[in-house]
Amino acid sequence: MIRIRSYAPVRALAIVLLAGGSLAACATPQPRFAAKHPVTGPTPGQMPNGAGGRYKLGAPYEVGGVWYAPKEEPSYDQEGMATWYGSGYHLKTTANGEVFDQYALSAAHTTLPLPSIVEVTNLENGRTAQVRVNDRGPFSGGAIIDVSQATARQLGFEQQGRARVRVRYVGPAPLGAPDASLRYTVYTPSPTPAVQPPAAPAPYVGIAPAASVASQPLTPISAPAPPAAMPPAMPGAAGIYRVQAGAFADPANAQRVIAQLGGAVNASIEPVQRADGMTLYRVMVQGTADEGEAWALRDRVAAYGLPEARVVRPGA
């Protein structure tokens, strides 16, 4: 979701909020159509879980006659104005496929990779918060970052709408599961249950006589069959899950991926010869015996700009 909005004066915002509160007191409409929204979601005041999101850097783009060039900026540290956004975008999809939650600590930035974690410090009161950058913006008002309403509240500038801040890049944010904590719901009125009379008791018919045990012939008991032999364990079944960051025909590309990962993970290059005689150079990241931890490691690797990273089972 690329959001284009202009900064409105605080006085006009207050009038709109008061009018909206009066209308809300008159009637509370019920939803009529399916809507995607968090079920459990983050606890208010925490960062989003990244459900449904993907790593995204993107090509240069233009908004309002201004060009923006997304790029990796590990040393990003800037001062400027911050604004906030809330109900107008609540539960809408962000630029990297996540769902915006106005009650979670998130933000929009024009060029940083998505998702990222940045530290925002309000230079007017010293308050600091770490937030998840999962959207693009702001594109007006001269601000360098647009934060969620919860973030503005935590930083102490919700009422004034703007504040001078320092934004410092912390690192890539982990990706969430494709649909973790999300569901589709439709409002359906609950039917009023009809009062049913109690069922009449069944008549007593007595107890059927049991067949005589002595009159039944005895069947000889055969010896139990010997247990079937267990198949031999597959080699590598108790081994280590690894993550393949990429596979390249040119070893120089594999070396570039190693440099891109830096020292964040333990990675090495493994040459593999295909059936057609071609040699591929795989960048393999050492993992763990736990498959769930391996998938979490895969998400970390993907966050470094390697969305094709995949988990490799033991022995592969």
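Definitions and cut-offs
Residues numbered from 1 in each chain as written. Predicted model: local features only at pLDDT ≥ 70, side-chain atom pairs only at ≥ 80, totals over all residues. Heavy atoms only, no water. Helix = DSSP H or I, 4+ residues; strand = E, 2+ residues; numbered from the N terminus. Buried < 20%, exposed > 50% of the residue type's maximum accessible area, 1.4 Å probe, protein only. Contact = heavy atoms within 4.5 Å. Areas by Shrake-Rupley, 256 points an atom, 1.4 Å probe, with all protein chains shown as cover. Pairing = 2+ DSSP bridges. Axes fitted to C-alpha atoms, helices over the stretch in contact; angles between N-to-C directions. Lys, Arg positive; Asp, Glu negative; His and termini not counted. Salt bridge = Lys/Arg side-chain N within 4 Å of Asp/Glu carboxyl O. Polar contact = N/O pair within 3.5 Å; in protein donor to acceptor, adjacent residues only side chain to side chain.

A.B. asks: Honestly, the overall build of the protein chain in this entry has me stumped. Any pointers?
C.D. replies: Secondary structure summary: the protein chain contains 4 helices and 14 strands in total. Here the protein chain holds 316 residues, and 35% of them are scored as buried. Taking the intrachain contacts of the protein chain between residues at least 6 apart in sequence as the baseline, contacts between residues at least 24 apart amount to 77%. Surface summary for the protein chain: the accessible area is close to 19200 Å², and the carbon and sulfur share equals 60%.

A.B. asks: Got a minute to help me understand the sheet that holds strand β9 (residues 162–172) in this structure?
C.D. replies: Within a beta sheet, neighbouring strands are joined by backbone hydrogen bonds and run either parallel or antiparallel to one another. Spatially, 6 strands are ordered β4-β8-β5-β7-β6-β9 in a closed barrel, and the strand pairing comes out mixed. Taken over all neighbouring pairs, the strand axes of this sheet differ in orientation by 45 degrees on average, direction set aside. Note that strand β5 (residues 106–108) and strand β7 (residues 128–135) share 3 bridges and pair parallel. Paired with Ser106 across the two strands is Arg132, which belongs to β7.

A.B. asks: Please explain the environment of Pro314 as it appears in this structure.
C.D. replies: Of note, Pro314 is situated in the segment after β14 (310–312). For the pair Pro314 and Thr288, spaced 26 residues apart in sequence, the C-alpha separation works out to 9.8 Å.

A.B. asks: Help me understand the side chain of Arg136, please; the structure alone is not making it clear to me.
C.D. replies: Relative to the helices and strands, Arg136 is located in the loop between β7 and β8 (143–148). The charged side chain of Arg136 is buried without a salt bridge, its nearest counter-charge being Asp135 at 7.2 Å. Separated by 3.1 Å, the side chain of Arg136 and the backbone oxygen of Leu57 make a polar contact. At 2.6 Å, the side chain of Arg136 forms a polar contact with the backbone oxygen of Leu112.

A.B. asks: Would you mind showing me how to read the pairing of strand β12 (residues 267–273) here?
C.D. replies: Every regular strand shows the same layout, with side chains that alternate between the two sheet faces. Relative to strand β13 (residues 279–288), β12 is paired through 7 bridges, and the arrangement is antiparallel. In the strand pairing of β13, Ser268 is matched with Met284.

A.B. asks: Explain the side chain of Glu158 to me, please; I cannot follow it from the model alone.
C.D. replies: Inspection of the secondary structure puts Glu158 in the loop between α2 (149–155) and β9. Looking at Glu158, the relative accessible area reads 17%, which means it is buried. Polar contacts involving the side chain of Glu158 include one to the side chain of Arg153, which spans 3.0 Å.

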